[in-house]
Amino acid sequence: MTSAQQPVPARPTSRDVARAAGVSQATVSLVLGGKWPGRVSEVTAQRVREAAAELGYRPNLAARSLRLGRTRTALLVVPALTNEFFARVYAGAAALAAEHDFGVVLYPSPDGTGPARDPFASARAALDGVIASSMAADALDALHGADLPLVMLDSDPSGTGPAAHVNLDIADGMRQVTGHLLGLGHRRFLHLASAVDTWTFAVRAEALHDALGAAGDATVRTVRAPLDVGAGREAAEQALAVAGERPTAIVCDDDILAAGACKAARRLGLRVPDELSVTGFDDLALATALEPELTTVRLPAEQVGERGMEALLAVLDGRPAEQGGLPVQLVVRGSTAPPPAARA
């Protein structure tokens, strides 16, 4: 003999939430859809949220997607997530997306910069929009023709294709680095530049050369290397071994290249920072793993992801995306000091 099955309680609906909160279903939709500011008071919005929580109400996203013609899914195109910076960009984008009942699908380029396979048979049907790093721009070729809103991260703001741009104040970061080193007394510089041809690295080079040019008595030589510790070490070692006056400071386009520069100095018997100062860019965990710890520029990676997702949501809602670059900060640590001549 089997016991009688207990009836399954009915799933609460938006109508139940509206009744409990004493508002209309339209108000419930506005509040839980995040579109209430300027239309519903904070007190009413809080009452709706509390009623939804008490009833255990969850919006039926599948039904809403069909009604709105949206999948509530964004594609994030970044270099391979072995790069810590882009893992943090994803974390920021995913956290904000979750607050708006959106999902984020990752589309990393397999080797970090080259094209990747199309992740969907029909991107138009599977996605609401794309957020992409300029470092993985080639991977966007697979999505051409999908007619999806595109938000570009860390890319040329004069570009007319994207619906919105989210940038860091990269030039100011390089100016902070240069000002710090000039203030210490450095005048002979080596720029260990990224071999990746993107807007963000072009901006770093331009800002560095402009700042050193304004100093009047500073010189700089540039060598390029792939974004790899070994490649950075090799390029820096060759540059430091050239006959003539050795540079007293190496300005690196990112922390990975800076780690290579520190290894090159060690191989050549040069002490950092006593005989050679080294700076990075990004402030990865690597920066404090080095000894001495690396002077570098801290980039708010999570905020880049959040701002990118905010911009996409604004575009989808027909609102203007927030303008202006995100500020960056120089973090001075043990890898920089006055040059030997200044201490003599």
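Everything numeric in this text was worked out from a predicted model, so none of it was measured.

Student: Mind showing me how you'd approach the overall build of the chain here?
Tutor: For the chain, the helix and strand inventory stands at 13 helices and eleven strands. Scored against the burial criterion, the 344 residues of the chain give a buried share of 48%. Long-range contacts, defined as pairs at least 24 residues apart, comprise 71% of the intrachain contacts of the chain with a sequence gap of at least 6.

Student: I keep staring at the pattern of salt bridges and nothing clicks. Help me out?
Tutor: Side chains bearing opposite charge may pair, as long as their charged atoms lie close to each other. Evaluated as defined, the whole model comprises 14 salt bridges. With a shortest N-O distance of 3.5 Å, Arg271 and Asp274 are connected by a salt bridge. Judged by its relative accessible area of 33%, Asp274 is partly exposed. Each of Asp283, Glu293, Arg298 and Arg333 takes part in one network of salt bridges that share partners.

Student: What exactly am I supposed to notice about the sheet that holds strand β1 (residues 73–77) here?
Tutor: Strands pair in a sheet through their backbones, by hydrogen bonds, and they do so in one of two ways: parallel or antiparallel. Sheet architecture is open: five strands sit in the order β2-β1-β3-β4-β5, paired in parallel fashion. Looking at strand neighbours, the two that pair on one side only are β2 (103–106) and β5 (164–166), the edges of this open sheet. For this sheet the average axis-to-axis angle between neighbouring strands, irrespective of direction, equals 25 degrees. Here helix α5 (residues 84–99) sits on the sheet and contacts β1, β2, β3 (129–133) and β4 (150–153); the angle it forms with β2, its principal contact strand, is near 155 degrees.

Student: I would appreciate a short explanation of helix α8 (residues 199–215) in the present structure.
Tutor: Along an α-helix, residues three or four positions apart point the same way, because every turn accommodates 3.6 residues. Here α8 spans 25 Å end to end across 17 residues, near enough to the 24 Å set by a 1.5 Å rise per residue. All buried positions along α8 are accounted for by Thr200, Phe201, Val203, Arg204, Ala205, Ala207, Leu208, Ala211 and Leu212. Here the buried face of α8 lies against α7 (170–184), β6 (188–194), β7 (219–225) and β8 (249–252). Gly216 occupies a position one or two residues after α8 and carries a positive phi of about 90 degrees.

Student: Looking at this structure, how should I read the sheet that holds β8?
Tutor: Taken in spatial order, the four strands of this open sheet run β7-β6-β8-β9, and their pairing is parallel. Each edge of the open sheet is held by one strand with a lone partner, namely β7 and β9 (277–279). Across this sheet, the average inter-strand angle for adjacent strands is 20 degrees, counted without regard to direction. Sheet topology places β6 next to β8; four bridges connect them, and they run parallel. Each bridged residue has a counterpart across the sheet, and for Leu190 the counterpart in β8 is Ile250. Along the sheet, helix α9 (residues 229–240) contacts β6, β7 and β8; its crossing angle with β7, the most-contacted strand, is approximately 145 degrees.

Student: Can you walk me through the confidence of the model for the chain in this structure?
Tutor: Detailed reading of the predicted model is not advised wherever pLDDT is low. Overall, the predicted model of the chain reaches an average pLDDT of 85, with 83% of residues at or above 70. Counting interchain partners and residues more than four positions distant, the pLDDT-below-50 stretch residues 61–69 has ten contacts. In the model, residues 120–125 has pLDDT below 50 throughout and makes twelve contacts with residues more than four positions away in sequence or in other chains.

Student: Looking at this structure, I do not really get the pairing of β8. What am I missing?
Tutor: The two faces of a sheet get side chains in turn, since along a regular strand they alternate between them. Here β8 shows no split at all, with Ala249 and Val251 on one side and Ile250 and Cys252 on the other all buried. Across three bridges, the pairing between β8 and β9 is parallel. For Val251, the partnering residue across the bridge sits in β9 and is Thr279. In this fold, the crossover linking β8 to β9 by way of helix α10 (residues 255–267) has right-handed handedness.

Student: Is there a simple way to explain the environment of Ala45 in this structure?
Tutor: With respect to the secondary-structure elements, Ala45 resides in helix α3 (residues 42–55). With relative accessibility at 0%, the residue Ala45 sits in the buried group. Separated by 22 residues in sequence, Ala45 and Val23 have C-alpha atoms that sit 9.9 Å apart. The contacts of Ala45, once residues within four sequence positions are left out, are Val31, Trp36 and Val40.

Student: When you look at the state of the cysteines in this model, what are you seeing that I'm missing?
Tutor: Disulfide: a covalent bond formed between the sulfur atoms of two cysteine residues. One pass over the structure, following the stated rule, counts zero disulfides. Cysteine Cys252 remains unbridged, with the sulfur of Cys262 as its closest cysteine sulfur at 7.4 Å. The buried category is assigned to Cys252, whose relative accessible area is 0%. Overall, Cys262 belongs to the buried group, its relative accessible area being 8%.

Student: Sorry, what's going on with the packing of aromatic side chains here?
Tutor: Each aromatic ring pair is described using two quantities: the centre-to-centre distance and the angle formed by the ring planes. Here the structure, examined in full by the defined rule, presents one aromatic pair. Look at Phe85 and Phe86: their rings are 5.2 Å apart centre to centre, the planes differ by 90 degrees, and that puts the pair in the edge-to-face class.

Student: Sorry if this is basic, but what is going on with the nonpolar core here?
Tutor: Note that soluble globular proteins tend to have their nonpolar side chains buried in a common cluster. Among the nonpolar cores identified, the biggest contains 48 residues, and Phe85, Leu168, Phe189, Leu299 and Met309 are the most heavily contacted of them. A per-element tally of this core places helix α12 (residues 301–316) first, with seven residues.

Student: When you look at the pairing of β6 in this model, what are you seeing that I'm missing?
Tutor: Summarising burial for β6: six of the seven residues are buried, a large majority. Here seven bridges tie β6 to β7, and the two strands are oriented parallel to one another. Each residue of the ladder has a partner; that of Arg188, found in β7, is Thr219. Crossover β6 to β7 through α8 is right-handed.

What counts and what doesn't
Residues numbered from 1 in each chain as written. Predicted model: local features only at pLDDT ≥ 70, side-chain atom pairs only at ≥ 80, totals over all residues. Heavy atoms only, no water. Helix = DSSP H or I, 4+ residues; strand = E, 2+ residues; numbered from the N terminus. Buried < 20%, exposed > 50% of the residue type's maximum accessible area, 1.4 Å probe, protein only. Contact = heavy atoms within 4.5 Å. Salt bridge = Lys/Arg side-chain N within 4 Å of Asp/Glu carboxyl O. Pairing = 2+ DSSP bridges. Axes fitted to C-alpha atoms, helices over the stretch in contact; angles between N-to-C directions. Expected span 1.5 Å × (residues − 1). pLDDT = per-residue confidence, 0-100. Right-handed = clockwise from strand over helix to strand, strands pointing away. Disulfide = S-S within 2.5 Å. Phe/Tyr/Trp six-rings, centres within 6.5 Å; stacked < 30°, edge-to-face > 60°. Core = buried A, V, L, I, M, F, W, Y, C linked by side-chain atoms within 4.5 Å.

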